[in-house]
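Notes for the structure review
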Amino acid sequence: MGDNKRPKIKLEWSKVDYFIEWLGWLMLMGLWLLVLINHPSLPEIIPTHFNFSGHIDGYGSKQLIFNMPVLATVLFVGMTWLNKFPHLFNYPVKITTENAHSQYKIGTRLIRWLKLMVVVVMIASVYSILAKAKY
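Anyway, here's the lowdown on the structure attached to this text. (Residues numbered from 1 in each chain as written. Predicted model: local features only at pLDDT ≥ 70, side-chain atom pairs only at ≥ 80, totals over all residues. Heavy atoms only, no water.)

**Thoughts on the environment of Val77**
Tracing the backbone shows Val77 in helix H2 (residues 67-82). Val77 sits in the partly exposed class, given a relative accessible area of 39%. (Helix = DSSP H or I, 4+ residues; strand = E, 2+ residues; numbered from the N terminus. Buried < 20%, exposed > 50% of the residue type's maximum accessible area, 1.4 Å probe, protein only.)

Right, here's the structure in full:
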């Protein structure tokens, strides 16, 4: 595939990159706090699955609420590690010395946004579980 011929360059982070990265880490910590603070007051059985209409169609132990922050953390840390190797990403164009910097910048920024969105979705899911479990 030619991946081993792609240039390996060190990318400088912009202010936007730092902002997205730190926001993601802060939101990940917030997700953990949300779960840890609310866990003791949850009933023993909580909603664990919702259908497309938003109705509960699965229940489980309140311990399952920890699956969300654990999964978010694994995905977030995994994508953070992956982002150190932009020369291994799949790109829609042939990577050359001339376009490597711009393509790598786009690729790493995409991963940063994706990490942030994973955490946002997990927070929304936990919030939905908490709202339904506590009423």
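Next, the rest of the story.
**Brief notes about the layout of surface pockets**
Within this model, the largest pocket holds a volume of roughly 280 Å³. Along the walls of the largest pocket sit Ile9, Lys10, Leu11, Trp13, Glu21, Thr80, Asn83, Lys84, Pro86, Thr108, Arg112 and Lys115, which together make up its complete lining. Take the lining of the largest pocket: its biggest share by element is three residues, from helix H3 (residues 100-134). Grouping the constituent residues of the lining of the largest pocket by class yields four nonpolar, three polar and five charged. (1 Å grid on protein atoms, 1.4 Å probe; cavity = no way out; pocket = protein on both sides within 12 Å on 5 of 7 lines; lining within 4 Å. Points joined across faces, edges and corners; volume = space filled by probe spheres on them. Nonpolar A, V, L, I, M, F, W, Y, C, P; charged D, E, K, R; others polar.)

**Overview of the pattern of salt bridges**
Applying the stated criterion across every chain yields a total of six salt bridges. The closest approach of N and O atoms between Asp17 and Arg109, which form a salt bridge, is 2.6 Å. Of the two residues, Asp17 sits in helix H1 (residues 15-38) while Arg109 sits in helix H3, which places them 92 residues apart along the sequence. Note on Arg109: relative accessible area 24%, which makes it partly exposed. With its nearest N and O atoms 3.7 Å apart, the salt bridge here joins Glu44 to Lys62. Note that Glu44 is positioned in the loop between H1 and strand S1 (45-50) and Lys62 in the loop between strand S2 (56-61) and H2, a separation of 18 residues in sequence. Exposure remark for Lys62: the relative accessible area of 8% places this residue in the buried category. Because the salt bridges share partners, they merge into one network encompassing Asp17, Glu21, Lys105, Arg109, Arg112 and Lys115. (Salt bridge = Lys/Arg side-chain N within 4 Å of Asp/Glu carboxyl O.)

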